[in-house]
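Commentary on secondary and tertiary structure
The primary structure of each chain is shown beneath.
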Amino acid sequence: MDKLYKDIELKVNNNLRLSKEEGLALMECQDLLFLGKLAREVKLRKTGRKAFFNVNRHINLTNICISRCKFCAFGVDKNDAKAYVMSIEEVVNKGLEALPQGATELHIVSGLHPEKSFSYYLNVIREVRKHIPNIHIQAFTAVEIDYFAQISGLSIKEVLQQLKEAGLGSLPGGGAEVFSSRVRQELCAKKASGERWLEIMETAHRMGLRTNATMLFGHIETIEERIDHLIKLRELQDKTGGFQSFIPLPFHPANTQLENIKRTTAYEELKMIAVSRLMLDNFDHIKAFWIMLGIPLAQISLEFGVDDLDGTVVEEKITHAAGAQTKEGISKEELLELIFTAGYIPVERDTVYNELKIYERNET
Ligand code: V47
């Protein structure tokens, strides 16, 4: 093995931070099992044989969106035949439907609607909180928070404060895409910049709101732009410690304006997952969003640094609009089976990683 990779292995074994150059070298490494082994060692050091999941439900309030990012097949114009906006009552009903399954979290994100005012979003949170007092509401990406500030004339802090008072528990990690301004200019020029996304997350963290982080990879970005993205997240995490998990999202091209781009291979996806685990030394959790990875690869990703398989989801529109072949939801029993079969211990968590139940085989 090259001396470079031996040195990286030594650094990882000694808990030392990897540089940008080392990150780039890892992305060039063709020995996937070497990357997996290193990443798994880090995972084992952080969370042992535990593999986390939660029981949740995704709700997308509207698909009408003024941003119309080139990588997105979900957003439509308001006159489109597929356009929809949910009433607050519908949102509450969807939330209530999730309770018999034992849901502990609602994950609410949406398009940037041209006409809805900030009070609609605030009322969604208020009413969900009123009717389902014990559920954790993880809602609105930093891009949506930026948009709410624009349409309301409030500052980011004021928007977050009002949402928090209404019952918001944490922010999901979407909208990060790749922070590179070159990429954003080309794919999503109308929405919050990478710097703005990071600034909003920093504000949220300082207000005591935990958040996740994502990276959408496998479109027009370079390998260097991916590593720069990870390093920016790592730097903010050094400052605030407010990120809980990182979720690498492989781009699904179908029905998007980038349909000519080939879908990433399983090899590339596992490599990105392992390198994320190795570069993000200050993140506790790397999450595999099984909806995007597919269930078989999500299970195997547990050997490549992942310690969280996300949730039961129930209904998923964003990736399915872009051709995802996975089903929209998965049962808790299926998640348990995937984790047990891979030799890990399933731990049902709440949104902020309190352990709710540690499972043993033959017990649900
Ligand atoms: O922000 C959009 C991405 C994200 C496509 O925080 C696409 O726990 C692939 O962020 N192909 C939304 N991806 C999903 C998301 C998420 C999912 C699960 C858990 C969490 C969490 C966050 O999906 C968007 C965008 O980056 N996306 N279009 C596409 N065609």
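Please refer to the structure placed before this passage.
The rules behind each value
Residues numbered from 1 in each chain as written. Predicted model: local features only at pLDDT ≥ 70, side-chain atom pairs only at ≥ 80, totals over all residues. Heavy atoms only, no water. Helix = DSSP H or I, 4+ residues; strand = E, 2+ residues; numbered from the N terminus. Rg over C-alpha atoms; globule rule 2.2 N^0.38 Å. Buried < 20%, exposed > 50% of the residue type's maximum accessible area, 1.4 Å probe, protein only. Contact = heavy atoms within 4.5 Å. Areas by Shrake-Rupley, 256 points an atom, 1.4 Å probe, with all protein chains shown as cover. Lys, Arg positive; Asp, Glu negative; His and termini not counted. Charge placed at Lys NZ, Arg CZ, Asp CG, Glu CD. Disulfide = S-S within 2.5 Å. Near = heavy atom within 4 Å. Polar contact = N/O pair within 3.5 Å; in protein donor to acceptor, adjacent residues only side chain to side chain. Nonpolar A, V, L, I, M, F, W, Y, C, P; charged D, E, K, R; others polar. Pairing = 2+ DSSP bridges. Axes fitted to C-alpha atoms, helices over the stretch in contact; angles between N-to-C directions. Parallel < 35°, antiparallel > 145°, perpendicular 65-115°, else oblique. Expected span 1.5 Å × (residues − 1).

On to the overall build of the chain, then. The helix and strand tally for the chain stands at 15 helices and eleven strands. Over its C-alpha atoms the chain spans a radius of gyration of 20 Å, differing by no more than 12% from the 21 Å that the globule rule assigns to 364 residues. A principal-axis box enclosing the C-alpha atoms of the chain has dimensions of 60 × 50 × 40 Å. Counting across all 364 residues of the chain, residues that qualify as buried make up 58%. When contacts within the chain are restricted to residue pairs at least 6 apart in sequence, long-range pairs at least 24 apart make up 74% of them. Accessible surface, the chain: about 14,700 Å² in total, of which carbon and sulfur atoms supply 50%. Put simply, the chain has 46 plus and 51 minus side-chain charges, and the middle of one group is 1 Å from the middle of the other.

Tallying each qualifying case throughout the model produces zero disulfides. With no disulfide of its own, Cys69 has Cys188 as its nearest cysteine by sulfur position, at a separation of 4.8 Å.

Before going further, it helps to spend a moment on the site of the ligand. As a structural note, the neighbourhood of the ligand is formed by 24 residues, with Phe71, Gly173, Gly175, Glu177 and Lys287 the closest of them. In this structure, Phe71 approaches the ligand through a main-chain N or O atom, which is 2.8 Å from a nitrogen atom. Gly175 places a polar main-chain atom, nitrogen or oxygen, 2.7 Å from an oxygen atom of the ligand. When the ligand is considered free in solution it has 620 Å² of accessible area, and contact with the protein chains removes 95% of it. Among the elements of the structure, β6 (210-217) and β7 (243-250) are those that each provide at least two residues to the shell around the ligand. Taken together, the residues that form the shell around the ligand break down as twelve nonpolar, nine polar and three charged.

Sheet architecture is open: four strands sit in the order β9-β1-β10-β11, paired in mixed fashion. A strand with exactly one partner marks an edge of an open sheet, and here the two such strands are β9 (308-311) and β11 (355-358). For this sheet, the mean inter-axis angle between neighbouring strands, taken without regard to orientation, is 25°. Taken together, the two bridges between strand β1 (residues 50-54) and β9 define a ladder with parallel strand orientation. Looking across to β9, one finds that Asn54 is bridged to Gly311. Relative to β1, helix α15 (residues 332-341) is tilted by about 165°, and along the sheet it contacts β1, β9 and β10 (345-349).

It is the contact of helix α6 (residues 142-152) with helix α9 (residues 194-206), at a shortest axis distance of 9 Å, that shows an interaxial angle of 90°. Between α6 and α9, the interaxial angle falls into the category roughly perpendicular. Residues Ala142, Val143, Ile145 and Asp146 of α6 form the contact with α9, whose own contacting residues are Arg196, Trp197, Ile200 and Met201. Class assignment of the residues belonging to the contact of α6 with α9 gives a composition of six nonpolar, no polar and two charged.

Taking 1.5 Å per residue, 13 residues should reach 18 Å; α9 reaches 18 Å between its end C-alpha atoms and fits that length. Of all the positions in α9, only Gly194, Trp197, Leu198, Ile200, Met201, Thr203, Ala204 and His205 are classed as buried. Gly208, located one to two residues past α9, shows a positive phi value of around 85°.

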